[in-house]
Amino acid sequence: MATASPPKASVDRKLTLKEVCDWLVEDGLVAREEADKIVQEAKYTRGGKHPLVTIVEAKARNVGTGQAANIEGLTQWLAVRTKVPYYHIDPLKIDLKAVTKVMSSDYAARRGILPVEVKGTDVTIATSEPFSSSWEAELSQMLRLNIKRVLANPIDIERYQGEFFNLAQSMKRAEVSGVQTSGLSNFEQLVELGKAGRTLDANDHHIVHLVDWLFQYAFDQRASDIHVEPRREAGVLRFRIDGVLQEVYQVPYSVLVAMTSRIKILGRMDVVEKRRPQDGRIKTRMPDGEEIELRLSTLPTAFGEKLVMRIFDPEVLKRDFKDLGFTKEEHETWQRMIKEPGGILLVTGPTGSGKTTTLYTTLKQLATSEVNVCTIEDPIEMVDPRVNQMQVHAEIDLTFAAGVRALMRQDPDIIMVGEIRDLETVDMAIQAALTGHLVLSTLHTNDAPNSISRLLDLGAPAYLISSTLIGIMAQRLLRTLCVHCKEKVPFQREEEHALWHSVCHPFKAPPPTEVYRPVGCLECRNTGYMGRIGIYEILPMTREIKKLISQETDMVALTQAAYKAGMRPLRVSGATKVAQGLTTFEEVLKAAPLA
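Counting restarts for each chain: residues are numbered from 1 in the order of the written sequence. Residue-level local features of this predicted model are given only where pLDDT is at least 70; pairs of side-chain atoms are given and counted only at 80 or more, and the full residue set underlies all totals for whole chains, interfaces and linings. Hydrogen atoms and water are omitted, and side-chain values are computed over all heavy atoms in the structure.

A. Expanded view of the side chain of Q246. The way it works is that DSSP assigns letters per residue, a run of H or I at least four long becomes a helix, a run of E at least two long becomes a strand, and they are numbered from the N terminus. Assignment of secondary structure puts Q246 in strand β6 (residues 244–252). Judged by relative accessible area, which is 19%, Q246 ranks as buried. Should any heavy atoms of two residues lie within 4.5 Å, those residues are considered in contact. Contact partners of Q246, with chain neighbours within four places excluded, come to L92, L237, R238, F239, I241 and R525. For every residue, the accessible area (1.4 Å probe, protein chains only) is compared with the maximum for its type, and the residue is labelled buried under 20%, exposed over 50%, or partly exposed between those bounds.

Structural data, given as structure tokens:
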């Protein structure tokens, strides 16, 4: 590719479509016929678009790869071509309060620029026009700051010109019109504020705008949870992306209170009550128009009311076992278990390990027109029209155990119990299994064999466990490597071989010759990881294992028997994902540390 900069025009000017297309042809990226066609067709369309946007919309194809041009790739190419530093705008890394003070939104829109970073006496300004720089001297004189000009994607600049300034403006106006309250120093003050109802109007249009932005932004960033957290002097908004929390924005305390109230109104919760935890639900839409549900939970803290929203992606109900990370062998074993006519199947793991997704994927397969599938959940996490779902209500004594008792009179074939927490629920699950029903449920244990110990600790008789239990599956979620930037490296470091040997040697899994490591790119927001996948440990209840279950079960002997029956530990399942180039050893050891 040619990297020589075209001669800079002496006058301040904008790029033309023809010159950009000519450069693409010169650099061997686009065929001459296609470039001419793009220029010709643009004459008959409405003008005003940036040349790069026109080229992307025309779906120009790279001569070498045959792939359609994308806006970010073209921007990087143009930055090299015109010798202007390239900049990717990552909204999660921008200090909105600082950058929006640099200039007005009108000035930014008029000049087609966007401030993206303020550091000491330097301010970084993004533009999509490498030869348009008259604003540089003008701005430097006004601000008395050093201007660093960078080239950014024209679509992002236009989008964030609106978002950044509108958001900052809404925040400022909401703060001015609201009660100027600092963080509360103790719980008593929190109670008093709750009684007085001293909050900014939750229906103020600035607050409505901020909440709408928060939801859309979370969907855009692939967040699974939104945390709205009060601090002593301000509020913090954080997103959980691929299992890791990341701070998004800091808001004034009064604005945070108003945003929390607005969200509580949407979730049909008691807005005035701030002294006790509450739960609620909101249905809204993603940017593409698809309906999505959020589960709300509030908690009174020392500095105010904290709100966490779990985002339920409707795509979860469309996933199959391959999408979840099951290997062929694990899938076959699980299929054999769920086809049993009656008995108990347990899925175990900590909170956030994907247990609910596994159960819903299983129920999706089992819920045919020939069977009656019923669930008792706390709360109902994903609504599926093929399943009869009931929610726990402790205040009216509708517990898991009471729910199973009620479901037994509903002529069920398959019952899903959200979680086994106590002896009463275990007893009802066992009774349902003994009467010929298939019962699926979850437990919180570290691995599959320890689930038996947990059931015994709850008080379930050993002989009933061995006669009703079909199998147990433990699981964890690992971050997967970004397919756009992961890098192949030889598997030869001494410590890696030692680790592989200690984890996999007893299971005769040969080490790979190559593995992948995270690098970081625009697609994965420079984390090196994108998305998550499950690792599984499946314990089938064979005759030999059932014989070992007693009130004083030897867990070491039972675990060894499970290995002989074909169970592979979580770490071995993770190691196979490393060998397949899906993740790293670091991720495996985070999820399933060595004992």
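B. Structural detail: the packing of aromatic side chains. Each Phe, Tyr or Trp ring, with Trp reduced to its six-membered ring, pairs with another whose centre is within 6.5 Å; inter-plane angles below 30 degrees give stacked pairs, above 60 give edge-to-face pairs, and intermediate values give tilted ones. Enumeration over the complete set of coordinates arrives at eight aromatic pairs. Ring centres of Y160 and F164 lie 5.0 Å apart, and the angle between their planes is 20°; on these two criteria the pair is classed as stacked. Remark: F164 and Y160 occur in helix α8 (residues 154–177); sequence separation between them is four residues, near one turn of the helix. A residue is classified by how much of its surface remains accessible, and F164, at 3% relative accessible area, is buried. Taking 6.3 Å as the distance between ring centres and 70° as the angle between the ring planes, the aromatic pair formed by W213 and Y249 counts as edge-to-face. Placement of the pair is W213 in helix α10 (residues 205–220) and Y249 in strand β6, with a sequence separation of 36 residues. There is no split in this pair, since W213 and Y249 are both buried.

C. Geometry of the sheet that holds strand β5 (residues 234–241). Reading across the sheet, the six strands line up as β6-β5-β4-β9-β8-β7 and stay open at both edges, with antiparallel pairing between neighbours. The open sheet terminates on both sides in strands that have one partner only, identified here as β6 and β7 (278–285). Taken over all neighbouring pairs, the strand axes of this sheet differ in orientation by 20° on average, direction set aside. Two strands qualify as a pair provided DSSP detects at least 2 bridges between them. As judged from the seven bridges shared by strand β4 (residues 223–230) and β5, these two strands associate in the antiparallel manner. Paired with P230 across the strands is G235, a residue of β5. Structural elements are reduced to axes, namely lines fitted to C-alpha atoms, with helices fitted over the stretch in contact, and the angle between N-to-C directions of any two is expressed from 0 to 180 degrees.

D. Representation of the pairing of strand β13 (residues 414–417) in the model. Residues I414 and M416 of β13 are buried on one face, and the alternating residues I415 and V417, pointing to the opposite face, are buried as well. In terms of strand pairing, strand β11 (residues 373–377) meets β13 through four bridges, oriented parallel. Residue pairing for β13: C374 is matched across the bridge by I415. Of the pairings in the sheet, the one linking β13 to strand β14 (residues 438–443) comprises four bridges and is parallel in character. Among the inter-strand pairings, V417 is bridged to a residue of β14, identified as S441. Every crossover in which the path from the first strand over the helix to the second runs clockwise, viewed with the strands pointing away from the viewer, is termed right-handed. Where the polypeptide runs from β13 across helix α16 (residues 423–434) and back to β14, its parallel neighbour, the crossover connection is right-handed.

E. Structural view of the sheet that holds strand β3 (residues 146–151). Pairing is mixed across the open sheet formed by three strands, whose spatial order is β1-β2-β3. Strand pairing shows two members of the sheet lacking a second neighbour, β1 (113–119) and β3, which therefore form its edges. Each neighbouring strand pair of the sheet contributes to a mean axis angle of 25°, computed without reference to strand direction. Examined bridge by bridge, β1 and strand β2 (residues 122–127) share six bridges and lie antiparallel to one another. When the sheet's bridge partners are listed, P115 is paired in β2 with I125. Contacting β1, β2 and β3, helix α7 (residues 134–143) crosses the sheet at an angle of about 145° to β3.

F. Spotlight on the domain arrangement of the chain. Split by domain assignment, the chain resolves into domain 1 (17–69), domain 2 (96–174), domain 3 (200–312) and domain 4 (317–479 + 532–568). Where a domain begins and ends is set by an automatic assignment or by a domain database. Just the C-alpha atoms count here: the centres of domain 1 and domain 4 sit 56 Å apart.

G. Here's a closer look at the packing of α10 against helix α11 (residues 253–266). Here α10 crosses α11 at 75°, and the two axes come no closer than 9 Å. Here α11 runs roughly perpendicular to α10, going by the angle between their axes. The segment α10 lies against α11, with I207, V208, L210, V211, L214 and F215 engaging V255, A258, M259, R262, I263 and L266. When residues are grouped by polarity, Ala, Val, Leu, Ile, Met, Phe, Trp, Tyr, Cys and Pro land in nonpolar, Asp, Glu, Lys and Arg in charged, and all others, Gly among them, in polar. Per-class residue counts for the contact of α10 with α11 are 11 nonpolar, no polar and one charged. Oblique is the label for any angle not under 35 degrees, not over 145, and not in the 65 to 115 range, which are roughly parallel, roughly antiparallel and roughly perpendicular in turn.

H. Representation of the side chain of T358. Residue placement: T358 occurs in helix α14 (residues 355–366). Given a relative accessible area of 0%, T358 falls into the buried group. For this analysis, a polar contact is any N or O atom pair within 3.5 Å, provided that within protein one partner can donate a hydrogen and the other can accept it, and provided that sequence-adjacent residues contribute only side-chain to side-chain pairs. A polar contact is formed between the side chain of T358 and the side chain of Q475, at a distance of 2.7 Å. Setting aside anything within four residues of it in sequence, one finds T358 in contact with L324, F326, M473, Q475 and Y536.

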